[in-house]
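Geometric and topological summary
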Amino acid sequence: MENFRKIDIDQYDEDVLQDSELYVADPRDPYEVLDEAKQRQGAVRSSLARSDIPGALAIVLENAPYGPNVDEAKDVTLQTLLSILNSTKSTEITAAIKSLTPDAQDTLMKYLYKGMALPGWGDISGSVLLGWHEKLTDVAGVGCIVRTMTDRRIV
């Protein structure tokens, strides 16, 4: 009687909804996505050297990798974004967020939640992520959180 919880009953249902059916998969090749993420990482470094935080955010949040088979590109993009967040002064955060499009703001929220989900929060302190989350929620509103939680395209 203990085995009944180990059986995946969805395998017998022909109408079961798969994750791949909930969003259009990224059509790019995984190697192409990784190469693009590394190119963006270099562009972000040059933007940060010029103290162009809004430009760096726009670069890293544009065309973010999502879907299966692009985990390495997702990690590179997350580390790039975390370096931007870490190097931004708290007085510059609101202006940087306001310069983003609503889609980029939603993508930023996804990365903030992904950063918070990391064990030990990677190489960034929790106060930085929570500070960005607070300012992003002030600018974009609660709808940004709702869209992030309901979007199936996981970064």
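Before reading further, recall that the structure is shown in the block above.
Below or above, wherever it landed, is the structure these notes cover. (Residues numbered from 1 in each chain as written. Predicted model: local features only at pLDDT ≥ 70, side-chain atom pairs only at ≥ 80, totals over all residues. Heavy atoms only, no water.)

Structural notes on the overall build of the protein
Rule in force here: A helix here means a DSSP run of H or I that spans at least four residues, while a strand means a run of E at least two residues long, and both kinds are numbered starting from the N terminus. For every residue, the accessible area (1.4 Å probe, protein chains only) is compared with the maximum for its type, and the residue is labelled buried under 20%, exposed over 50%, or partly exposed between those bounds. Any two residues whose heavy atoms approach within 4.5 Å are treated as being in contact. Residue exposure ignores everything except the shown protein chains as possible cover, and the areas themselves are Shrake-Rupley values with a 1.4 Å probe. In this count, Lys and Arg are taken as positive residues and Asp and Glu as negative ones, while His and the chain termini are left out. Charged side chains are reduced to one point each, which is NZ for Lys, CZ for Arg, CG for Asp and CD for Glu.
When you go through the protein residue by residue, the secondary structure sums to seven helices and zero strands. Traced from its N-terminal end to its C-terminal end, the protein shows the element sequence α-α-α-α-α-α-α. By principal-axis analysis of the C-alpha atoms, the protein measures approximately 60 × 35 × 30 Å. Here the protein holds 155 residues, and 36% of them are scored as buried. When contacts within the protein are restricted to residue pairs at least 6 apart in sequence, those whose partners lie at least 24 apart make up 74%. If you sum the accessible surface of the protein, you get close to 9500 Å²; carbon and sulfur atoms cover 52% of it. Counting 16 positive and 25 negative side-chain charges, the protein places the averaged centre of each group 8 Å from the other.

Side note on the nonpolar core
Quick note on the threshold: In these notes, a set of buried Ala, Val, Leu, Ile, Met, Phe, Trp, Tyr and Cys residues joined through side-chain atoms within 4.5 Å is what counts as a nonpolar core.
Formed by 28 residues in total, the largest nonpolar core has its most connected members in Leu57, Leu61 and Leu108. Counting six residues, the second largest nonpolar core, distinct from the first, contains Val33, Ala37, Val70 and Val76.

As for the side chain of Lys110
The test is simple: Under the rule applied, a polar contact is a pair of N or O atoms within 3.5 Å (in protein, one hydrogen donor and one hydrogen acceptor; residues adjacent in sequence only if both atoms are side-chain atoms).
Take Lys110: it is sitting in helix 5 (residues 102-117). The exposure class assigned to Lys110 is buried, which follows from its relative accessible area of 12%. Polar side-chain contacts of Lys110 include one of 3.2 Å to the backbone oxygen of Arg153. The residues touching Lys110, leaving out its near neighbours within four places in the chain, are Thr148, Asp151, Arg153 and Val155.

Quick word on the environment of Pro27
In this structure, Pro27 sits in the segment before helix 1 (30-49). Looking at Pro27, the relative accessible area reads 78%, which means it is exposed. Remark: the alpha-carbon pair of Pro27 and Gln41, spanning 14 residues in sequence, is separated by 21 Å.

A look at the packing of helix 3 (residues 71-87) against helix 6 (residues 126-140)
Put simply, the rule is: Angles shown run from 0 to 180 degrees and are taken between the N-to-C directions of axes, each axis being a line fitted to C-alpha atoms and, for helices, limited to the stretch in contact. Every angle not falling under 35 degrees, over 145, or within 65 to 115 is termed oblique; those three ranges are roughly parallel, roughly antiparallel and roughly perpendicular. The nonpolar class holds Ala, Val, Leu, Ile, Met, Phe, Trp, Tyr, Cys and Pro. Asp, Glu, Lys and Arg form the charged class, and all remaining residues, Gly among them, are polar.
Contact pair helix 3 / helix 6: the axes reach a minimum separation of 10 Å and the direction vectors enclose 85°. One finds that helix 3 runs roughly perpendicular with respect to helix 6. Counting all contacts with helix 3, which are made through Leu82, Leu85 and Asn86, the residues of helix 6 involved are Val128, Leu129 and Trp132. Along the lines of polarity and charge, the residues of the contact of helix 3 with helix 6 split into five nonpolar, one polar and no charged.

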